[in-house]
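Single-letter residue listing:
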Amino acid sequence: MTGALPFPRSVARFGRNLEWTIRTPSEGALVHRAQAGEETAFREIVERYQSKVFSIIHGVVRQRTTWKIIAQQVFAKVYVSIKSFDFRIP
């Protein structure tokens, strides 16, 4: 990953019902592109989901500097493991 994405100015509240499945063909295509090593595809995944990730973390951890670090760790883990994502719906 190159560079850091800007921190979102406002973080919308999301419900506790978390389901991380591919919902549209465009999401699936985006994951396939990221699996193939396309950096712009991974950047788009981060941009699409960063507000949701920040919101979830903020619901648990109130200190802003801490949740920024946790969010970076989340996306680093996604980056490292995206090639093993197998598209099966639980």
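Please refer to the structure placed before this passage.
The structure presented is a predicted model; accordingly, all values stated were derived computationally and were not measured.

Procedures and definitions
Residues numbered from 1 in each chain as written. Predicted model: local features only at pLDDT ≥ 70, side-chain atom pairs only at ≥ 80, totals over all residues. Heavy atoms only, no water. Helix = DSSP H or I, 4+ residues; strand = E, 2+ residues; numbered from the N terminus. Expected span 1.5 Å × (residues − 1). Buried < 20%, exposed > 50% of the residue type's maximum accessible area, 1.4 Å probe, protein only. Arc of directions from axis to C-beta. Contact = heavy atoms within 4.5 Å. Bend = angle between axes of the 7 residues up to and from the residue. Phe/Tyr/Trp six-rings, centres within 6.5 Å; stacked < 30°, edge-to-face > 60°. Axes fitted to C-alpha atoms, helices over the stretch in contact; angles between N-to-C directions. Parallel < 35°, antiparallel > 145°, perpendicular 65-115°, else oblique. Left-handed = near helix turned anticlockwise from the far one by under 90°. Core = buried A, V, L, I, M, F, W, Y, C linked by side-chain atoms within 4.5 Å.

Draft legend 1. A look at helix α3 (residues 64-81). Taking 1.5 Å per residue as the helical rise, α3 with its 18 residues ought to reach 26 Å, and the 26 Å between its terminal C-alpha atoms agrees with that figure. Residues of α3 that are buried include every one of Trp67, Ala71 and Phe75, and no others. Around the axis of α3, the buried residues are gathered within 75° of arc, so they sit on the same side. Exposed and facing more than 90 degrees away from the buried side of α3 are Thr65, Gln72, Lys77 and Val80. Turning to α3, the residues buried within the fold contact α2 (39-60).

Draft legend 2. Seen up close, α2. Taking 1.5 Å per residue as the helical rise, α2 with its 22 residues ought to reach 32 Å, and the 30 Å between its terminal C-alpha atoms agrees with that figure. Taken as a whole, α2 carries its principal kink of about 50° at Tyr49. Residues of α2 that are buried include every one of Ala41, Phe42, Ile45, Val46, Gln50, Val53, Phe54, Ser55 and Ile57, and no others.

Draft legend 3. View of the packing of aromatic side chains. A complete count under the given rule lists 2 aromatic pairs for this structure. For the ring pair Phe42 and Tyr79, a centre distance of 5.0 Å and an interplane angle of 75° mean the geometry is edge-to-face. Here Tyr79 lies in helix α3 and Phe42 lies in helix α2, a separation of 37 residues in the sequence. Judged by relative accessible area, Phe42 falls into the buried class, the value being 4%. Ring centres 6.0 Å apart and planes at 65° place the aromatic pair Phe54 and Trp67 in the edge-to-face group. Placement of the pair is Phe54 in helix α2 and Trp67 in helix α3, with a sequence separation of 13 residues.

Draft legend 4. Inspection of the packing of α2 against α3 at higher detail. Two elements in contact, α2 and α3, have axes whose closest approach is 10 Å; the angle formed by their N-to-C orientations is 140°. Relative to α3, the element α2 is oriented oblique. α3 is crossed by α2, and the crossing has right-handed handedness. Judged by residue contacts, Phe42, Val46, Tyr49, Gln50, Val53, Phe54, Ile57 and His58 of α2 engage Trp67, Lys68, Ile70, Ala71, Val74, Phe75, Val78 and Tyr79 from α3.

Draft legend 5. Highlighting the environment of Arg48. Position of Arg48 among the secondary structure elements: in helix α2. The partly exposed category is assigned to Arg48, whose relative accessible area is 37%. The residues touching Arg48, leaving out its near neighbours within four places in the chain, are Ser26, Glu27 and Leu30.

Draft legend 6. Structural detail: the nonpolar core. Counting residues in hydrophobic clusters, the biggest one holds 14 residues, and the most contacted among them are Ala34, Ile45, Val53, Ile57, Ala71 and Ile82. When residues of this core are traced back to their parent elements, those giving at least two are α1 (25-35), α2 and α3. No other element matches α2, which puts 7 residues into this core. If sequence neighbours within four positions are ignored, Ile45 has contacts with Leu30, Val31, Ala34 and Ile82.

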